[in-house]
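# An overview of the molecular structure
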Amino acid sequence: MRYLVPAEEDVLMPLSLLSGVETGLFEVTQTQLEKSIIDANASIRQSFSYTGFHEFSDQRQGRDALVRRDVSFFSSTGLVPTTISLYRPNTKNGDPRVWISRLGLISPETKSGDIVAIAQNGQLCVAVNVTALVRSNRSLSSLVKFFPEDPDEPATLIAEELLAKLRLLASRGPILTTKRGDTAVGFAIESALGIEANSRTAPDYEGIEIKSGRSLEGNKNKTLFAKVPDWGRSPVGGYSELVERYGYVQEGKDTKRLYCSVDGRKPNSQGLILKVNYELGSLEEYYSAVPEKLALTWDLEVLRLTLEAKHKETFWIEAEEVKTRGGTGFVLTQVLHTSRPRLSAFSLLLSNGSVWVDHAARLKPTGGNRNHGMLFRTKAKHLTELFSVEGRYSF
């Protein structure tokens, strides 16, 4: 499957922002149109599995185990009801297949090279030719109403307890700290909550992740999680090799280093760019030479599971730094309470550059390397696209 172009990403975003809706993609080929067969690639299989719409791994091989589900195709004339067939053939190791019945008749504008999206919430399912919408300058705004809004869930007792503690802290004035730098605010607030500093990856407060910073304004960077690539699948086999190949020597330094951000919009100054491979279900980092060279690979499923485990529920805290007679302190100003990562949106945000990877590594003169992990980050303004919002509270 080819990579999405920016216009296709823009068309898809409204679907990806719907709570509980997951989207799989495939590229139309002439063989598909002639043989009525579509390989269920990683994005389709995983999106079906996330919502429980269909689990190919539990399906027996053979036509007698074929499953049909209702689907509506969003064509140039509106929504057209049809069915989608889901099966595993006896041949080719039972590789999962799908087919949208009467695709050629329902959507005569569909042609080889087009990107088709299959969006569903576990019950309702809709398919749409994204590329055809771009060609005709149409949007998915009317389709958003196809899926009913998820009912708001009441805040958990743990969330209410944490919010009450933060309100109490805010009422007491500045939280003093002797720490300096970017981590000072998080250290001060977590210490005031009785949370000991450590390097664990699990959420901070009874299942709720706490992310503190000096601002929740739009362009402030927010770290989501850290995750190294799959070194075994990557052409580059480790940090030292990565820095040696793509790093630079800073003036006044003796060894190479690689401190940079890599996103999906355009190559950075080191020639590195991210690409989402929906066919294989992977995030890939390339060196933009001619021809391009694959450097790193992450499994999208692993990244999504990491995001879901880290941010199943999160309090994004904003605190203002103040000077007092007793020293530096932080005054709590607001909290953004989020939950349920939108997993399809995560792939799109990686693709369009709204979520990126920060490299921070250098070679040591004595050999080996020193690194700070690979951080997946976003801007504060994209948090409400990546997560469901439970509430925003001011102090």
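Below is a short write-up of the structure. None of the values given here were measured: they were computed from a predicted structure. (Residues numbered from 1 in each chain as written. Predicted model: local features only at pLDDT ≥ 70, side-chain atom pairs only at ≥ 80, totals over all residues. Heavy atoms only, no water.)

## A word on the sheet that holds strand β6 (residues 115-120)
- Read from one edge of the open sheet, seven strands run β1-β6-β7-β3-β4-β5-β2, paired in mixed fashion. Single-partner strands in this sheet number two, and they are β1 (22-27) and β2 (38-39).
- Strand direction decides the pairing type here: strand β4 (residues 78-87) and strand β5 (residues 97-100), joined by four bridges, are antiparallel. Within β5, the residue paired with S85 across the bridge is W99. (Pairing = 2+ DSSP bridges. Helix = DSSP H or I, 4+ residues; strand = E, 2+ residues; numbered from the N terminus.)

## What to know about the pattern of salt bridges
- Summed over the entire model, instances satisfying the criterion amount to 13 salt bridges.
- Notably, a salt bridge pairs R135 with D114, separated by 2.8 Å at the nearest N-O pair. On the criterion of sequence distance, the pair formed by R135 in helix α5 (residues 130-136) and D114 in the loop between α4 (103-106) and β6 is long-range, its members being 21 residues apart.
- A relative accessible area of 41% places R135 in the partly exposed class.
- Under the relative-accessibility criterion, D114 is labelled buried at 2%.
- The closest approach of N and O atoms between R377 and D358, which form a salt bridge, is 3.1 Å. One end of the pair, R377, is in strand β20 (residues 375-379); the other, D358, is in strand β18 (residues 355-363), with 19 residues separating them in the sequence.
- For D358, a relative accessible area of 12% puts it in the buried group.
- Linked through salt bridges whose partners overlap, the residues forming this network are R214, E321 and K323. (Salt bridge = Lys/Arg side-chain N within 4 Å of Asp/Glu carboxyl O. Buried < 20%, exposed > 50% of the residue type's maximum accessible area, 1.4 Å probe, protein only.)

## What to know about empty space enclosed by the protein
- Within this structure, the stated rule accounts for three cavities of 30 Å³ or more.
- In this structure, the largest cavity encloses a volume near 80 Å³.
- If you trace the largest cavity, you find it lined by L12, S16, T23, L25, S43, Y278, R304, S344, S347 and L348.
- Those elements that place two or more of their residues in the lining of the largest cavity are α1 (6-16), β1 and α10 (343-351).
- Here the residues of the lining of the largest cavity are counted per class, giving four nonpolar, five polar and one charged.
- Of the voids in this model, the second largest cavity is the one considered here, and its volume is about 40 Å³.
- Residue lining of the second largest cavity: F73, F74, S75, S76, S107, E109, V128, N129, A132, L133 and R138, and that is the complete set. (1 Å grid on protein atoms, 1.4 Å probe; cavity = no way out; pocket = protein on both sides within 12 Å on 5 of 7 lines; lining within 4 Å. Points joined across faces, edges and corners; volume = space filled by probe spheres on them. Nonpolar A, V, L, I, M, F, W, Y, C, P; charged D, E, K, R; others polar.)

## Observations regarding the side chain of S75
- Within the secondary structure, S75 sits in strand β3 (residues 67-75).
- Ignoring anything within four residues of it in the chain, the contact list for S75 reads V80, I106, E109 and R138. (Contact = heavy atoms within 4.5 Å.)

## With respect to the packing of α1 against α10
- The contact between α1 and α10 brings their axes to 9 Å, and the two run at 155 degrees. Accordingly, the angle class assigned to the pair α1 and α10 is roughly antiparallel. The handedness of the crossing between α1 and α10 is left-handed. Touching E9, L12, M13 and S16 of α1 are S344, A345, L348, L349 and S351, all from α10.
- Taken together, the residues that form the contact of α1 with α10 break down as five nonpolar, three polar and one charged. (Axes fitted to C-alpha atoms, helices over the stretch in contact; angles between N-to-C directions. Parallel < 35°, antiparallel > 145°, perpendicular 65-115°, else oblique. Left-handed = near helix turned anticlockwise from the far one by under 90°.)

## Regarding the sheet that holds strand β15 (residues 293-299)
- The strand order β13-β14-β15 describes an open sheet built from three strands, whose pairing is antiparallel. With one partner strand each, in any of the chains shown, β13 (272-277) and β15 form the two edges of the open sheet. Direction aside, the axes of adjacent strands within the sheet are offset by 25 degrees on average.
- In terms of strand pairing, strand β14 (residues 282-287) meets β15 through six bridges, oriented antiparallel. The residue of β15 that forms the bridge with L283 is W298.
- On top of the sheet, helix α9 (residues 300-310) reaches β13, β14 and β15; it is set at about 45 degrees to β15, its chief contact.

## Focus: the packing of aromatic side chains
- Throughout the structure, instances matching the rule amount to nine aromatic pairs.
- Centroid distance F48 to F56: 6.3 Å. Interplanar angle 20 degrees. Geometry classified as stacked. As far as burial versus exposure is concerned, F48 and F56 are alike and both buried.
- Taking 6.3 Å as the distance between ring centres and 50 degrees as the angle between the ring planes, the aromatic pair formed by F225 and F346 counts as tilted. One end of the pair, F225, is in strand β10 (residues 221-226); the other, F346, is in helix α10, with 121 residues separating them in the sequence.
- We classify F225 as buried; its relative accessible area is 5%.
- Classification of F346 as buried rests on a relative accessible area of 0%.
- Ring pairs connect the aromatic residues F225, W298, F346 and F376, which therefore count as one cluster.
- R63 extends its terminal NZ or CZ atom over the ring of Y87, reaching a point 4.8 Å from the ring centre.
- In this arrangement the basic side chain of K275 is found over the ring face of Y286, its NZ or CZ atom lying 5.4 Å from the centre. (Phe/Tyr/Trp six-rings, centres within 6.5 Å; stacked < 30°, edge-to-face > 60°. Lys NZ or Arg CZ within 6 Å of the ring centre and 35° of its normal.)

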